[in-house]
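Close look at the chain arrangement
Here's the letter readout for the chains.
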Amino acid sequence: MERYDTWKRHAVADGLCVTAHPDLPVTVAENGDRKLLLLGYLLDPYHPDLDNAAILQGILEEIVRPTDLFRLTEALGGRWALIYADPDETWLMNDPMGLRQVVHTTEALPDLWCASQPGMIAEELGLDPDPEVMERLVGAPEYREALEYWWPGDLSPYSGIKHLLPNRYLDLKRRSVHRFWPDRRPDRIGAEECTRKYASVLVGMIESASKRFDLAHTVTAGWDSRTILSACRGISPKIFYFTMIYYNKTVKTPDIYVSRNLITGLGLEHHLITCPESMGADFAEIYRRNAPEAHEGWGAIARGMYDHYPQDRVCIKGNGSGILKCLYRRAWDQECTGELLAEIGDLGPMKSNRMTIEHLDRWLSEAREASARSGVHILDLFFQEQRMARWQGAGQLEWDIVQEVLVPWNSRELIAAGFSVEGRCRGSRHPLIEHGIIKALWPELLAVPINPPPGIRGAIAAPLWRAGLWPFDRDF
């Protein structure tokens, strides 16, 4: 591992060692014969003054048995992977949306390796991509044409390397993966109770983050961005607000002019980041080296951030609120199959690829049992374990080269609260709970239109918004 000579090394247990990039925070806590090793960062919304070390120490002091780890991390936010070790067990788990990605070798390979992406293991072990995957998925025309594709199930390009999906832990001694959540039927709550819960916890997450990091917020015209902005009210002057122009967006796109009008109307400074059409050869070489399975389009956006984004700031993103909006409500009553998941999962041209459908079917066969046992709808689990972990997780991994990210929704407690509300109260056309959060935290934000249709100018958008004369069916 000569090319990792400058990386940090930490002994775990039984010959296991963690090697971490110098930019990745690593925190270790010990209590007797128990140890916790954190990669990334944890936030406690109920105790915002606590740092990583204090949070870890608090967890260790309360652990009686290894499974207590699940209960003791359920309220925590951040973007993290966590290793627990005692004389009998060594377990690895990551955050509830899988945004701190973890991949691992299976028993098809002789030794256990874990990493943030499969290409790192493949390079170290001299592995070539699986010919079947390369022919049936990567080599398919729909893959090459897709802009926002993501890898289905726990699939990677390499035989013997899988992704660790959320709600599971990897037993590092026995090389086995086990689901731990959802483990019981949630108590049903109403939309008002859920709104109060989210409003309180989101404010705590932002406050906790603000005590650790300088923050930025990527602003759009949508509900998710507006909701997160409302939770930032107490520290709003300290945040760097920006909107990116990429793909086919222009200054006349609602995301751009609504964001500008919103932020400047609050007396705050708004920044536009214009992304190039392509990465450029020099940046592309570094970008692909950092993430071998990188998306070309995402690389162009990363280049724009590299050139213009203040890289000492952690970026707050609104992604993940599909939990509150029953994003796949339109398919709620249909028979759930791999074909249906591929159709509704925003996979673009890849929705018809047979390998995509086969791996979604494999995920479905395992997740159905958890859904039946807990009462959590299978499409809610699909959003959390596939859409967020495989799509958003990949994006955040690629963009680690230009920014660290905070998704304030990324808490098992918040996810459980969202799943506990009846689906009819979580529609996406006019998201009742997000509207309630904004109204409770910063009602003035509702005066500026949310998701105006393309082509409507800002001058006439506000009267139409107040009159309710457009549909609320765009999700951001």
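Heads up: the structure comes first, above all this text.
Residues numbered from 1 in each chain as written. Predicted model: local features only at pLDDT ≥ 70, side-chain atom pairs only at ≥ 80, totals over all residues. Heavy atoms only, no water.

With that settled, the discussion passes to the overall build of the protein chain. Check the secondary structure of the protein chain and you find 17 helices and 16 strands. Radius of gyration (C-alpha) of the protein chain: 22 Å, near the 23 Å computed for a compact globule of 476 residues. Principal-axis analysis of the C-alpha atoms gives the protein chain an extent of 65 × 50 × 50 Å. Looking at the protein chain residue by residue over its 476 residues, the buried ones come to 59%. Expressed as a percentage of contacts within the protein chain between residues at least 6 apart in sequence, the contacts between residues at least 24 apart total 70%. Surface summary for the protein chain: the accessible area is close to 19900 Å², and the carbon and sulfur share equals 50%. Treating the 53 positive side-chain charges of the protein chain as one cloud and the 66 negative ones as another, the clouds have centres 6 Å apart. (Helix = DSSP H or I, 4+ residues; strand = E, 2+ residues; numbered from the N terminus. Rg over C-alpha atoms; globule rule 2.2 N^0.38 Å. Buried < 20%, exposed > 50% of the residue type's maximum accessible area, 1.4 Å probe, protein only. Contact = heavy atoms within 4.5 Å. Areas by Shrake-Rupley, 256 points an atom, 1.4 Å probe, with all protein chains shown as cover. Lys, Arg positive; Asp, Glu negative; His and termini not counted. Charge placed at Lys NZ, Arg CZ, Asp CG, Glu CD.)

Strand pairing in a sheet relies on backbone hydrogen bonds. The paired strands run either parallel or antiparallel. The parallel open sheet is built from 5 strands, whose spatial order is E14-E13-E12-E15-E16. Edge strands, defined here as strands with exactly one partner in the open sheet, are strand E14 (270-274) and strand E16 (404-406). Taken pair by pair, the neighbouring strands of this sheet meet at an average axis angle of 35°, ignoring direction. Relative to strand E13 (residues 240-245), strand E12 (residues 214-218) runs parallel, the two sharing 3 bridges. The partner of His 217 across the bridge, within E13, is Tyr 241. Across the sheet, helix H7 (residues 223-231) is in contact with E12, E13 and strand E15 (313-316); its angle to E12 comes to roughly 150°. Its contacts with the sheet place helix H8 (residues 254-265) against E13 and E14, and it is angled at close to 165° to E13. (Pairing = 2+ DSSP bridges. Axes fitted to C-alpha atoms, helices over the stretch in contact; angles between N-to-C directions.)

Right, let's talk about the sheet that holds strand E11 (residues 176-179) for a bit. Sheet architecture is open: 6 strands sit in the order E3-E4-E5-E6-E10-E11, paired in antiparallel fashion. Two strands lie at the open edges of the sheet, namely strand E3 (26-31) and E11, each paired on one side alone. Pairs of neighbouring strands in the sheet enclose a mean axial angle of 20°, with direction left out of account. As defined by bridge partners, strand E6 (residues 90-94) adjoins strand E10 (residues 168-171) across 2 bridges and the pair is classed as antiparallel. Paired with Leu 92 across the two strands is Leu 170, which belongs to E10. Relative to the sheet, helix H1 (residues 52-62) contacts E3, strand E4 (34-43) and strand E5 (77-85), its axis offset from that of E4 by approximately 140°.

The geometry of H7 relative to helix H16 (residues 432-441) is characterised by a closest axis approach of 9 Å and an angle of 30° between their N-to-C directions. As judged from the angle between their axes, H7 and H16 are roughly parallel. The hand of the H7/H16 crossing is left-handed. Contact with H7, carried on its side by Trp 223, Asp 224, Arg 226, Thr 227, Ser 230 and Ala 231, involves Glu 434, His 435, Ile 437, Ile 438 and Leu 441 of H16 and no other residues of that element. In the contact of H7 with H16, the residues fall into 5 nonpolar, 3 polar and 3 charged. (Parallel < 35°, antiparallel > 145°, perpendicular 65-115°, else oblique. Left-handed = near helix turned anticlockwise from the far one by under 90°. Nonpolar A, V, L, I, M, F, W, Y, C, P; charged D, E, K, R; others polar.)

It is worth spelling out helix H10 (residues 296-308) at this point. Along its 13 residues, H10 runs 19 Å from first to last C-alpha, staying within 8% of the 18 Å computed at 1.5 Å per residue. Every buried residue of H10 is accounted for by Gly 297, Trp 298, Gly 299, Ala 300, Ile 301, Ala 302, Gly 304 and Met 305. The secondary structure elements touched by the buried residues of H10 are E13, E14, helix H9 (281-290) and helix H14 (378-398). (Expected span 1.5 Å × (residues − 1).)

We now examine the state of the cysteines. Inspection of the entire model under this criterion finds 0 disulfides. Between Cys 114, a free cysteine, and Cys 17, which holds the nearest cysteine sulfur, the sulfur-to-sulfur gap is 12 Å. (Disulfide = S-S within 2.5 Å.)

Judged by nonpolar contacts, the single largest core of 132 residues is most densely connected at Leu 69, Tyr 198, Trp 363 and Leu 379. Among the elements that line this core, the one with the most residues is helix H6 (residues 191-210), at 9 residues. Among all residues touching Trp 363, those that are not within four sequence positions of it are Gly 153, Leu 165, Arg 168, Leu 341, Ile 378, Leu 381, Phe 382, Glu 385 and Gln 386. Counting 16 residues, the second-largest nonpolar core is a separate cluster that includes Val 12, Ile 83, Ala 85 and Val 102. (Core = buried A, V, L, I, M, F, W, Y, C linked by side-chain atoms within 4.5 Å.)

Structurally, the position occupied by Ile 438 is in helix H16. Put simply, Ile 438 and Leu 229 are 209 residues apart on the chain and 8.4 Å apart in space, counted from C-alpha to C-alpha. Setting aside its immediate chain neighbours within four residues, Ile 438 contacts Trp 223, Arg 226, Thr 227, Ser 230, Pro 443, Leu 445, Leu 446 and Ile 450.

Quick look at the packing of aromatic side chains now. Two numbers describe a pair of aromatic rings. These are the distance of the centres and the angle of the planes. According to the stated counting rule, one finds 19 aromatic pairs in the structure shown. Taking the centre distance of 4.0 Å and the plane angle of 5° together, the rings of Phe 70 and Phe 180 count as stacked. You can see Phe 70 sitting in helix H2 (residues 68-72) and its partner Phe 180 sitting in the loop between E11 and H6, a full 110 residues away along the chain. Overall, the relative accessible area of 12% leaves Phe 70 in the buried class. With a centroid separation of 4.5 Å and an interplanar angle of 40°, the aromatic rings of Tyr 143 and Tyr 149 are classed as tilted. With respect to burial, Tyr 143 and Tyr 149 carry one shared label: buried. (Phe/Tyr/Trp six-rings, centres within 6.5 Å; stacked < 30°, edge-to-face > 60°.)

Read these as spatial facts, not as claims about activity.
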